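Residue-level listing of the chains:
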Amino acid sequence: MTRQPSFRDVEKLSAYLDGHLSTAETARLEPRIAADPALAAVLEAMRQSRSVLRRLPQRRAPRNFTLTPRMAGLRAPTPRAVPVLRFATVLATILLAITFATNTLAPLATARQAAMPYGIGGGGAEGPAERPQSGGGSDVRRTGYD
């Protein structure tokens, strides 16, 4: 009883048909083909398939079957700096919002503070022009002798 030829045997037979075996490999394979009817049957089936395929008319392929990265669903790898740049963008946006809010709200707070009649030290009902001013130094009047 003969066994089924292995994949390696079928590869050798294909190389034998194509003329790609060395003379030493051909000399080893031909006695095996003569002794093994299963191997001879596979070789004959391969010869018939080859002759049928060669008799078919040759046609051009209707289009290029190469896939673009978009068609294959592949995306370009992201650089290593992308997460750092994303964080920097978020931080810059937050700082911009804080700066904008501070610059917009600061004049409102200053206007509200100017509208208040009394400062930190308290005081009376008189306004700032009516309060006595202190020079903070001596009250000696200057004469022309200095």
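For clarity, every value in this text was computed on a predicted model and none was experimentally measured.

Student: Give a description of the overall build of the protein that names residues and reports values.
Tutor: A tally of helices and strands in the protein yields five helices and zero strands. The N-to-C order of helical and strand elements in the protein reads α-α-α-α-α. Of all 146 residues assigned to the protein, the portion counted as buried reaches 10%. Within the protein, contacts between residues at least 6 apart in sequence are counted, and of these 53% link residues at least 24 apart. Accessible area of the protein: about 13,600 Å², with a carbon and sulfur share of 60%.

Student: Which residues make up the nonpolar core, and what values do they have?
Tutor: Leu13, Ala15, Leu17, Leu21, Leu29, Ile33, Leu39, Val42 and Leu43 together form the largest nonpolar core, which totals nine residues. Elements represented by at least two residues in this core include exactly helix H1 (7–18), helix H2 (23–35) and helix H3 (37–55). Discounting residues that sit within four places of it in the chain, valine 42 has contacts with Pro5, Val10 and Leu13.

Student: Before we move on, could you go through the packing of H2 against H3 and cite the residues and values that matter?
Tutor: Relative to each other, H2 and H3 sit at 105°, their axes nearing to 5 Å. Taken together, the axes of H2 and H3 are roughly perpendicular relative to one another. Across the interface between the two elements, Arg32, Ile33 and Ala35 of H2 pack against Pro37, Leu39, Ala40 and Leu43 of H3. Within the contact of H2 with H3, the residues separate by chemical class into six nonpolar, no polar and one charged.

Student: Report on the packing of H1 against H2, specifying residues and quantitative values.
Tutor: The angle between the axes and the distance between the axes are what describe a pair of packed helices. Orientation of H1 relative to H2, taken along the N-to-C sense of each, is 115°, at an axis distance of 11 Å. Between H1 and H2, the interaxial angle falls into the category roughly perpendicular. For the pair H1 and H2, the crossing hand works out as left-handed. From H1, Asp9, Lys12, Leu13 and Tyr16 reach across to H2, where they touch Glu25, Thr26, Leu29, Glu30, Arg32 and Ile33. Looking at the contact of H1 with H2, its residues break down into four nonpolar, one polar and five charged.

Student: Hey, could you go over the side chain of threonine 26 for me, with residue numbers and the actual values?
Tutor: Here threonine 26 lies in helix H2. If sequence neighbours within four positions are ignored, threonine 26 has contacts with Tyr16 and Leu21.

Student: Got a sec to walk through H1? Specific residues and values, please.
Tutor: Compared with an ideal rise of 1.5 Å per residue, which puts twelve residues at 16 Å, H1 spans 17 Å between its outermost C-alpha atoms and is within 8% of the ideal. Along H1, the residues that are buried comprise Asp9, Leu13, Ala15 and Leu17. Elements that come into contact with the buried residues of H1 comprise H2 and H3. Positive phi appears at glycine 19, one or two residues downstream of H1, with a value of about 80°.

Student: Give a description of H2 that names residues and reports values.
Tutor: Because an α-helix packs 3.6 residues into every turn, residues spaced three or four apart end up facing the same way. Over its 13 residues, H2 runs 19 Å from end to end, which matches the ideal 18 Å to within 8%, given 1.5 Å per residue. All of the buried residues in H2 are Thr26, Leu29 and Ile33. Burial along H2 is one-sided: seen end-on, the buried residues are contained in an arc of 70°. Exposed side chains of H2 directed beyond 90 degrees from the buried face belong to Arg28, Ala34 and Ala35.

Student: Mind laying out the pattern of salt bridges, listing which residues take part and the relevant values?
Tutor: Scanning all chains against the criterion turns up three salt bridges. Here arginine 32 and aspartate 9 are joined by a salt bridge, their closest N and O atoms 3.2 Å apart. On the criterion of sequence distance, the pair formed by arginine 32 in helix H2 and aspartate 9 in helix H1 is long-range, its members being 23 residues apart. By relative accessible area, which is 35% here, arginine 32 ends up partly exposed. A relative accessible area of 9% places aspartate 9 in the buried class. Where lysine 12 meets glutamate 25, a salt bridge forms, and the shortest distance between an N and an O atom there is 3.6 Å. One end of the pair, lysine 12, is in helix H1; the other, glutamate 25, is in helix H2, and 13 residues separate them in sequence. Given a relative accessible area of 32%, lysine 12 falls into the partly exposed group. Judged by its relative accessible area of 27%, glutamate 25 falls in the partly exposed class.

Calculation rules
- Residues numbered from 1 in each chain as written.
- Predicted model: local features only at pLDDT ≥ 70, side-chain atom pairs only at ≥ 80, totals over all residues.
- Heavy atoms only, no water.
- Helix = DSSP H or I, 4+ residues; strand = E, 2+ residues; numbered from the N terminus.
- Buried < 20%, exposed > 50% of the residue type's maximum accessible area, 1.4 Å probe, protein only.
- Contact = heavy atoms within 4.5 Å.
- Areas by Shrake-Rupley, 256 points an atom, 1.4 Å probe, with all protein chains shown as cover.
- Core = buried A, V, L, I, M, F, W, Y, C linked by side-chain atoms within 4.5 Å.
- Axes fitted to C-alpha atoms, helices over the stretch in contact; angles between N-to-C directions.
- Parallel < 35°, antiparallel > 145°, perpendicular 65-115°, else oblique.
- Nonpolar A, V, L, I, M, F, W, Y, C, P; charged D, E, K, R; others polar.
- Left-handed = near helix turned anticlockwise from the far one by under 90°.
- Expected span 1.5 Å × (residues − 1).
- Arc of directions from axis to C-beta.
- Salt bridge = Lys/Arg side-chain N within 4 Å of Asp/Glu carboxyl O.

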